[in-house]
Amino acid sequence: NSSISALYARNESIPGFQEVRSALAGSGLEVDPTSECLLECFRFVACISEMTDFLQGLQDSMSEGPGKDIYAPLVKTLARDEQDLRWAFTRVFRDRFLLRYGLPETQVDRLLESLSVLTVPHATTQDLYLPRRRGD
């Protein structure tokens, strides 16, 4: 598939992409340039990064300033929500790797553990998804 190859080639210069590729390879899984599996890894890291940045930014802004005492319980709730969302994202992507790509459970768990500590702060929607043809 030339469009996936072109997308991977474009993504090579994005900070963090090489680390995502290395995590996939380091989990004992082959990097297939014709499969969206590496792109799925990239999406997982981008989703977790974006969600964590957003919720931590909210927590930081609520923890500072004149209303910090009022917001203290909400900051704790947001911290719990962040953990719940990380678990949910991980579960969804774990199922995708198992069901969509047929990867072995132990390798998927190792992969997700490696990916969960990575960030790709500069990834955009165009970097994460193949262009859809009209009518798809």
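None of the values given here were measured: they were computed from a predicted structure.

### What about helix H5 (residues 105-115)?
The complete set of buried residues in H5 reads Gln107, Val108, Leu111, Leu112 and Leu115. Projection of H5 onto a plane perpendicular to its axis shows the buried side chains occupying an angular sector of 135°, all on one side. Among the exposed residues of H5, those oriented more than 90 degrees off its buried face are Thr106 and Glu113. For H5, the elements touching its buried residues are helix H2 (17-26), helix H3 (37-63) and helix H4 (68-99).

### A short note on the packing of aromatic side chains
Following the criterion strictly, the structure yields 4 aromatic pairs and no others. Consider the rings of Tyr8 and Phe17, whose centres lie 6.3 Å apart with planes at 35°: the pair is tilted. For the pair shown, Tyr8 and Phe17 are each scored as buried. Ring plane angle 40° and centroid distance 6.2 Å describe the contact between Phe97 and Tyr101, whose orientation is recorded as tilted. Through a chain of ring-to-ring contacts, the aromatic side chains of Tyr8, Phe17 and Phe42 assemble into a single cluster. Looking at Arg96, its charged tip hangs above the ring of Phe93, at a distance of 5.7 Å from the centre.

### Structural notes on the nonpolar core
Counting residues in each nonpolar core, the largest one holds 34 residues, and the members touching the most others are Val20, Phe42, Phe97 and Leu115. Elements represented by at least two residues in this core include exactly helix H1 (2-11), H2, H3, H4 and H5. Take this core: its biggest share by element is 12 residues, from H3. If near-sequence neighbours (up to four positions away) are discounted, Phe97 is found in contact with Cys37, Glu40, Cys41, Gly102, Leu103, Val108, Leu111 and Leu112.

Rules behind the numbers
- Residues numbered from 1 in each chain as written.
- Predicted model: local features only at pLDDT ≥ 70, side-chain atom pairs only at ≥ 80, totals over all residues.
- Heavy atoms only, no water.
- Buried < 20%, exposed > 50% of the residue type's maximum accessible area, 1.4 Å probe, protein only.
- Helix = DSSP H or I, 4+ residues; strand = E, 2+ residues; numbered from the N terminus.
- Arc of directions from axis to C-beta.
- Contact = heavy atoms within 4.5 Å.
- Phe/Tyr/Trp six-rings, centres within 6.5 Å; stacked < 30°, edge-to-face > 60°.
- Lys NZ or Arg CZ within 6 Å of the ring centre and 35° of its normal.
- Core = buried A, V, L, I, M, F, W, Y, C linked by side-chain atoms within 4.5 Å.

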